[in-house]
Every structure is written in C-alpha cells, then in structure tokens.
Amino acid sequence: MQRRTLLLSGAAALTAVGGYNLYASLSGGAPLPGSTLIEPGAARAQTSDAAEIDISQVLEMEAGNPDAEVTIMEFSSFTCPHCARFNQTVYNDLKEAYIDTGLVRYIKREVYFDAYGLWAALVARCGGQMRYFGVAEMIYAEQSDWARGESGADVADSLRRIGRRAGMSDEELNACLTDRDRATAMMQVYQNNMEEYGITGTPSFVINGETYSNMSFAEFQEILDPLLPASE
C-alpha cells in the first residue's frame, strides 16, 4: 500500500496541474510546462498504454566507471528536502571517494512526487548528459528558493533562470519544458522503476540490486567496501 501511494503521487500531481491554466503567465509567450505535460487522468492510464510510449528518449544519467563492479542507483526527487541535503553532503563524499576514482558506476534516477519535481527534471535533462549533474546540483542547492514560488509561473521562471546560468537558451528551455512526449516517457520510466525496485521513499539507493533507504557516508562505506575488488 505504501508503494502504491508513492506510485500514484506523481499522477495525482500532474492531474492537478491540468487545471492550472497558466499558459500566458510564462514570459516569452511559451506555454507553462505543466499545461502541456499529461492531461487529467492520463498518468494513471499509462500502465495500459505503456507499449505506445517511447521510453528510449529517457537517457540514463550516470557518472563514474561504466565497467565498475559496483553500481549505485540513486532515486530522488528534486522537491524532496532530504534529497537536497543528501546531494549537498553525502553525495559529494561519494563522488570524491568512489565515483571520480572509478570504483563505482553511479546512476541518478528521478522520482516525481509532484509537477514541480517533473519540471525540474525536464530542465536538468535539457542540457543533455554532459550538463545534467551540474544542473541537478544547482537545482538542489537552490531548492528552498525555486520550489517555494507563489505560483507555477514563479517556479517555471526560477527553473529557467537556473537553466540559463547553465548555458541554455530560453528557446531550448521552453522546448524542454513543454515537451509532452518526453514528460510522458519520463513518467513511464519513473513508474517502471518504482515497481521494479520497490522504492517507497526518497532518497533511496539500489546497490548491485539491493535496495536501501537514506544513509550516511559511513553507512555507504560499510556496504560498498566489501563489494569492491581487493587492491593489489
């Protein structure tokens, strides 16, 4: 039951977004992202329509050594305060000790609790894999600002400002934020991941197939070190 609640949370949020009707409020004349994503009720229908959704466009966002014996998958939401805290603290330690040194393959996968989290993911992915981790870091670092916007238009504008600082143009960002096909595919991948790995909260981690809840760096070390090949 707990997992089912999480799976439907994104669908419920996107259903609510269908009623925002804020097309004209995004500067530059582009439609507000939520208005073009998934219509009311469509997210719940995705399971039966999954065969028609092209999920190949949802690229795997990964860093580190693709051939490493240890793979860590992080499942987090851009609107989750615990995820922001993890990404500003523990993740940096993991990056220094395990990712940059080539000891692990690290994959970031998004969870969509709400429409704003999906919009943030669309912006993070807008610059492609090369920019993704840097943009994600900016989004998490400024979460307390952009996620508390008084309206959807405020949130969209704040996310676009982050994207511009990362080198993206308004044209690129508007195209990404209003890409219904990509958003639908991202939602489908999200639901597939939740069901496959039994994710019930964020941040969560799958390490070589085993699912774990939020951890400290020391707890990661206790799990990771025995899995790594012995140094010669």
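Keep in mind it's a predicted model, so treat the numbers as computed, not measured.

## Section: the sheet that holds strand β5 (residues 210-212)
Okay, so step 1: Strand order in the open sheet formed by five strands is β1-β3-β2-β4-β5, with mixed pairing between adjacent strands. With one partner strand each, in any of the chains shown, β1 (61-64) and β5 form the two edges of the open sheet. The mean angle between the axes of side-by-side strands here comes to 20°, regardless of whether they run parallel or antiparallel.
Okay, so step 2: In the sheet, strand β4 (residues 204-207) pairs with β5 via three bridges, with the strands oriented antiparallel. Looking at β5, one finds that V206 is bridged to T211.
Okay, so step 3: Across the sheet, helix α3 (residues 81-88) touches β2 (70-76), β3 (104-110) and β4, and the angle it forms with β2 is around 140°.

## Comments concerning the packing of helix α5 (residues 115-126) against helix α8 (residues 152-165)
Okay, so step 1: For the pair α5 and α8, the least separation of the axes is 10 Å and the interaxial angle reads 20°. Considering the angle they form, α5 stands roughly parallel to α8. Regarding α5 and α8, the two cross each other, and that crossing is right-handed. Counting all contacts with α5, which are made through Y116, W119, A120 and V123, the residues of α8 involved are G152, V155, A156, L159 and G163.

Rules used in this analysis
Residues numbered from 1 in each chain as written. Predicted model: local features only at pLDDT ≥ 70, side-chain atom pairs only at ≥ 80, totals over all residues. Heavy atoms only, no water. Pairing = 2+ DSSP bridges. Helix = DSSP H or I, 4+ residues; strand = E, 2+ residues; numbered from the N terminus. Axes fitted to C-alpha atoms, helices over the stretch in contact; angles between N-to-C directions. Contact = heavy atoms within 4.5 Å. Parallel < 35°, antiparallel > 145°, perpendicular 65-115°, else oblique. Left-handed = near helix turned anticlockwise from the far one by under 90°.

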